[in-house]
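Descriptive structure summary
So you can see what is in the structure, the chains are spelled out below.
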Amino acid sequence: MSYDVGAVERRRLLGRTKSVTVVGASANPARPSYFVATYLLSSTRYEVNFVNPRLDTLLGRPVYPSLADVPGELDLVSVFRKHDDLPGVAEEVIDAGARTLWLQLGLWHEPAADRAREAGLDVVMNRCVKIEHARFAGGLHLAGFNTGVISSRRQTAP
């Protein structure tokens, strides 16, 4: 089974998404999950929730100890956890009734993905939800990409 979800499918998934729950959210501004959290809150229409049993709040929002504690329906679950935790996280995502399991950059776990797909979830691996959303929303310039200037010449210092 192929797990290379194409751009059209990723765009479709993000377009239908109403909420994003970040599992493994960190209060450390140097961590990728923090950067993604700030982007999701400031630049998307998604309802954003955070899961981390060691935090109470993040960016002024409540942080839940587990997916089972997040109120409402879960849609897309973006995972920032170590590789060995992914099978257990996939089971939590399935049990919570989410529609999409999204493993962030650097995360690839075919058995966890197989289990999620068997349960009817869409699965994306080794992709950043922030980068993918920005790509489709025209916001990659926020991270220094896609400035709209195409040139083979070096820019002169201002």
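This one's a predicted model, so the numbers in the text were calculated from it and none came from an experiment. (Residues numbered from 1 in each chain as written. Predicted model: local features only at pLDDT ≥ 70, side-chain atom pairs only at ≥ 80, totals over all residues. Heavy atoms only, no water.)

**Section: the overall build of the protein chain**
Scanning the protein chain from terminus to terminus reveals 5 helices and 7 strands. Starting at the N terminus and walking to the C terminus, you meet the elements of the protein chain as α-β-α-β-β-β-β-α-β-α-β-α. Across the 158 residues in the protein chain, those meeting the buried criterion constitute 42%. For the protein chain, restricting intrachain contacts to residue pairs at least 6 apart in sequence, the fraction spanning at least 24 positions comes to 58%. On the protein chain, roughly 8900 Å² of surface is accessible, and the fraction owed to carbon and sulfur atoms is 50%. (Helix = DSSP H or I, 4+ residues; strand = E, 2+ residues; numbered from the N terminus. Buried < 20%, exposed > 50% of the residue type's maximum accessible area, 1.4 Å probe, protein only. Contact = heavy atoms within 4.5 Å. Areas by Shrake-Rupley, 256 points an atom, 1.4 Å probe, with all protein chains shown as cover.)

**A look at the packing of aromatic side chains**
As enumerated under the stated definition, the model contains 0 aromatic pairs in all. Taking the ring centre of Tyr-39 as reference, the NZ or CZ of Lys-130 above it sits at 4.4 Å. (Phe/Tyr/Trp six-rings, centres within 6.5 Å; stacked < 30°, edge-to-face > 60°. Lys NZ or Arg CZ within 6 Å of the ring centre and 35° of its normal.)

**Description of the pattern of salt bridges**
All chains considered together, the criterion is met by 10 salt bridges. The shortest N-O distance in the salt bridge between Asp-122 and Arg-12 comes to 4.0 Å. Of this pair, Asp-122 sits in strand β7 (residues 122-124) while Arg-12 is found in helix α1 (residues 7-16), placing the two residues 110 residues apart along the sequence. A residue is classified by how much of its surface remains accessible, and Arg-12, at 39% relative accessible area, is partly exposed. Of the charged contacts, one joins Glu-132 and Arg-135 as a salt bridge, the two residues approaching to 2.9 Å between their closest N and O atoms. Pair noted here: Glu-132 and Arg-135 are both in helix α5 (residues 129-137), with a separation of 3 residues, about one helical turn. With a relative accessible area of 2%, Glu-132 lands in the buried category. In this structure Arg-135 comes out as partly exposed when scored by relative accessible area, which is 40%. (Salt bridge = Lys/Arg side-chain N within 4 Å of Asp/Glu carboxyl O.)

**Examining the environment of Tyr-46**
By secondary structure assignment, the location of Tyr-46 is in the loop between α2 (32-43) and β2 (47-51). Relative accessible area serves as the criterion here: at 8%, Tyr-46 is assigned to the buried category. Sequence separation of Tyr-46 and Ser-19 is 27 residues, and the distance between their C-alpha atoms is 4.9 Å. Sequence-distant contacts of Tyr-46, defined by excluding residues within four places in its chain, comprise Leu-14, Thr-17, Lys-18, Ser-19, Val-20, Leu-40 and His-133.

**Brief notes about the side chain of Ser-33**
Along the polypeptide, Ser-33 turns up in helix α2. Look at Ser-33 and you get buried, because its relative accessible area is 3%. Within the structure, the side chain of Ser-33 is placed 3.0 Å from the backbone nitrogen of Ser-26, a separation counted as a polar contact. Leaving out residues up to four positions away in the same chain, Ser-33 has contacts with Val-22, Gly-24, Ala-25, Ser-26 and Phe-80. (Polar contact = N/O pair within 3.5 Å; in protein donor to acceptor, adjacent residues only side chain to side chain.)

**Re the environment of Tyr-39**
In this structure, Tyr-39 sits in helix α2. For Tyr-39, a relative accessible area of 6% corresponds to the buried category. Residues Tyr-39 and His-133, spaced 94 residues apart in sequence, show a C-alpha to C-alpha distance of 9.7 Å.

**Examining the confidence of the model for the protein chain**
Low-confidence regions, as indicated by low pLDDT, have predicted coordinates that should not be scrutinised in detail. Looking at the protein chain, pLDDT values average 89 and 85% of them are 70 or higher. Note that pLDDT drops below 50 for residues 142-151; the model gives that stretch 7 contacts with residues more than four away or on any other chain. (pLDDT = per-residue confidence, 0-100.)

**Quick look at the packing of α1 against α5**
One can describe the packing of α1 onto α5 by two numbers: an axis separation of 10 Å at closest approach and a directional angle of 95 degrees. When the axis of α1 is compared with that of α5, the two are roughly perpendicular. Here Ala-7, Arg-10, Arg-11 and Leu-14 of α1 lie close against α5, whose contacting residues are Val-129, Glu-132, His-133 and Phe-136. Taken together, the residues of the contact of α1 with α5 break down into 4 nonpolar, 1 polar and 3 charged. (Axes fitted to C-alpha atoms, helices over the stretch in contact; angles between N-to-C directions. Parallel < 35°, antiparallel > 145°, perpendicular 65-115°, else oblique. Nonpolar A, V, L, I, M, F, W, Y, C, P; charged D, E, K, R; others polar.)

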